[in-house]
Amino acid sequence: MTAGHDGEEKMGFKCGIVGLPNVGKSTLFNALTQTAAAEAANYPFCTIEPNVGEVPVPDPRLDTIAAITKSQAAVPTRLTFVDIAGLVKGASKGEGLGNQFLAHIREVDAIAYVLRCFDDGDVTHVDGRIDPLADAETVETELMLADMESLEKRIDPLVKKIRGQDKEAKRTLALVEAALEHLREGHPAREADVADADRAAFRALNLLTSKRVLYVCNVDEASAATGNDYSRAVEERVAALAGEAANGPKAPSVIVISAKIEAELAQLDEAERAEYLAELGLEEPGLNRLIRAGYQLLELITFFTTGPKESRAWTVRAGASAPRAAGQIHTDFEKGFIRAETISYDDFLACDGENGAREAGKMRLEGKEYVVKDGDLMHFRFAT
């Protein structure tokens with residue numbers, strides 16, 4: 001199930017980390033990337049440029065596959081996190097670092113809102129109070145205002161194109177006007193009910209509030225395992241959103257994490273980390289859950305390649321075809337795709353590897369129409 005991957009690789013799934021100043025956003029990012037790339041300090045705008053960190057996606061299946069194959073190396077798939085300068089009210093009108101903030105948000109695929117869910121008199125809050133739901137609303141409102149301004153600017157150019165009998169412009173204008181009405185009613189674009197035929201055109205509007213959202217409740221150290229009243233208020237709000245028919249799967253996800261604990265864990269070796277987690281009553285670092293939550297938020301799945309040299313995890317969007325998956329390894333694999341020799345992870349495990357799976361008839365030959373499943377082990381045949 002091995003595959004070469006010299007040459008061009010296609011990755012780049014980005015999750016932006018946003019929040020008001022002093023909510024622990026940069027502390028979390030530093031822990032996430034185990035670097036001090038983002039200066040964490042107790043004053044607004046300590047993160048002037050977006051910092052980018054690539055992190056491995058924790059997946060115990062990869063180590064199991066590598067052990068069965070006796071691979072020399074196990075190479076995890078990766079997710080990119082972008083730490084974006086703190087936002088304040090008025091960002092959509094250029095307040096603070098508003099213009100930079102909004103430009104950087106447009107470049108990510110999903111957004112993690114870090115919400116302050118801890119009391120600390122030594123760390124100032126930009127609004128002088130602790131209210132994570134209000135913080136989330138401030139961020140969301142600024143993004144909605146920016147979306148409205150962006151859409152309003154598109155109307156006149158589209159009207160001119162329609163006068164020139166541009167049919168595509170007419171369709172786009174209808175989407176723009178529908179999105180504007182939705183936003184003016186106080187709803188983010190991701191909650192809009194868009195017809196399947198219009199989804200691609202709607203995505204092309206590149207609206208800030210059309211991106212999927214994850215609420216990251218940054219709690220005090222004592223609340224890392226159980227959460228607190230602040231985080232529970234956020235969870236209740238998300239549950240209410242998910243219960244509304246129009247929002248359903250488009251409602252934000254939520255996780256509870258202590259940035260302080262994660263920063264401390266990042267400095268420990270593996271044995272010390274395990275001991276510290278046990279003392280705190282935690283099964284794993286919160287960052288693992290954050291990375292997986294970001295991965296799920298982006299609707300990503302993992303497939304594997306394996307051989308004596310290495311076992312490697314790869315990322316594709318859910319619903320991707322076998323040729324698209326092959327293209328993640330190298331563009332030539334997608335262009336010349338013939339077939340994919342495929343084994344499910346469960347079958348690979350049960351049959352103790354590729355040879356056993358082949359002998360048991362568990363290796364399948366899949367063609368261009370095959371939709372990749374999470375955990376598939378794949379070997380691609382292609383014509384050069």
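Fair warning: this is a prediction, and the values are worked out from it, not measured in the lab.

Caption draft 1: Representation of the side chain of Thr 209 within the structure. Within the secondary structure, Thr 209 sits in the loop between helix H6 (199–204) and strand S6 (212–219). Owing to a relative accessible area of 1%, Thr 209 belongs among the buried residues under this scheme. Polar side-chain contacts of Thr 209 include one of 2.7 Å to the side chain of Asp 147. One polar contact links the side chain of Thr 209 to the main-chain amide nitrogen of Ala 189, over a distance of 2.9 Å. With residues up to four places along the chain from it excluded, the contact list for Thr 209 reads Glu 140, Leu 143, Met 144, Asp 147, Leu 183, Pro 188, Ala 189 and Arg 190.

Caption draft 2: Representation of the state of the cysteines within the structure. This structure, assessed with the given rule, holds zero disulfides. This cysteine, Cys 117, is not joined by any disulfide, and Cys 217 carries the nearest cysteine sulfur, 4.0 Å off.

Caption draft 3: Quick look at the sheet that holds strand S4 (residues 78–83). Strand order in the open sheet formed by six strands is S2-S4-S1-S5-S6-S7, with mixed pairing between adjacent strands. Both edges of this open sheet fall to strand S2 (51–56) and strand S7 (253–257), since each of them pairs with a single strand only. Within the sheet, the average angular offset between the axes of one strand and its neighbour, ignoring direction, is 25 degrees. Across five bridges, the pairing between S6 and S7 is parallel. Bridging across to S7, Asn 218 finds its partner in Ile 257.

Caption draft 4: Representation of the nonpolar core in the model. Core analysis: the largest hydrophobic core is formed by 51 residues, its most contacted members being Leu 79, Phe 81, Tyr 113, Val 216 and Leu 290. When residues in this core are grouped by element, the largest group, seven residues, is from strand S5 (residues 110–117). Aside from chain neighbours lying at most four places away, what touches Phe 81 is Cys 15, Ile 17, Phe 29, Leu 32, Asn 51, Val 52, Gly 53, Val 55, Leu 290 and Ile 291. If you look at the next biggest cluster of nonpolar residues, it comprises 18 residues, including Met 144, Ala 169, Leu 180 and Leu 207.

Caption draft 5: Broad picture of the pattern of salt bridges. On inspection of all chains with the given rule, the structure shows 18 salt bridges. Between Glu 284 and Arg 292 there is a salt bridge, with its nearest N and O atoms 2.4 Å apart. Its relative accessible area of 21% is what places Glu 284 among the partly exposed residues. Taking the relative accessible area as the measure of exposure, Arg 292 reaches 28% and is therefore partly exposed.

Caption draft 6: Broad picture of helix H9 (residues 270–280). Capping the start of H9, Asp 269 holds a side-chain oxygen 3.2 Å from the backbone nitrogen of Ala 271, two or three residues further along. Just past H9, the residue Gly 281 takes up positive phi, approximately 75 degrees.

Caption draft 7: Quick look at unusual backbone geometry. In this model, Asn 22 sits at a positive phi of 65 degrees, which is unusual for a non-glycine residue. Relative to the helices and strands, Asn 22 is located in the loop between strand S1 (14–18) and helix H1 (25–33). On the basis of relative accessible area, Asn 22 is assigned to the buried category, the value being 13%. Positive phi, close to 65 degrees, is recorded for Gln 165, a residue that is not glycine. For Gln 165, the position within the fold is in the loop between helix H4 (132–163) and helix H5 (167–184).

Cut-off values and rules
Residues numbered from 1 in each chain as written. Predicted model: local features only at pLDDT ≥ 70, side-chain atom pairs only at ≥ 80, totals over all residues. Heavy atoms only, no water. Helix = DSSP H or I, 4+ residues; strand = E, 2+ residues; numbered from the N terminus. Buried < 20%, exposed > 50% of the residue type's maximum accessible area, 1.4 Å probe, protein only. Polar contact = N/O pair within 3.5 Å; in protein donor to acceptor, adjacent residues only side chain to side chain. Contact = heavy atoms within 4.5 Å. Disulfide = S-S within 2.5 Å. Pairing = 2+ DSSP bridges. Axes fitted to C-alpha atoms, helices over the stretch in contact; angles between N-to-C directions. Core = buried A, V, L, I, M, F, W, Y, C linked by side-chain atoms within 4.5 Å. Salt bridge = Lys/Arg side-chain N within 4 Å of Asp/Glu carboxyl O.

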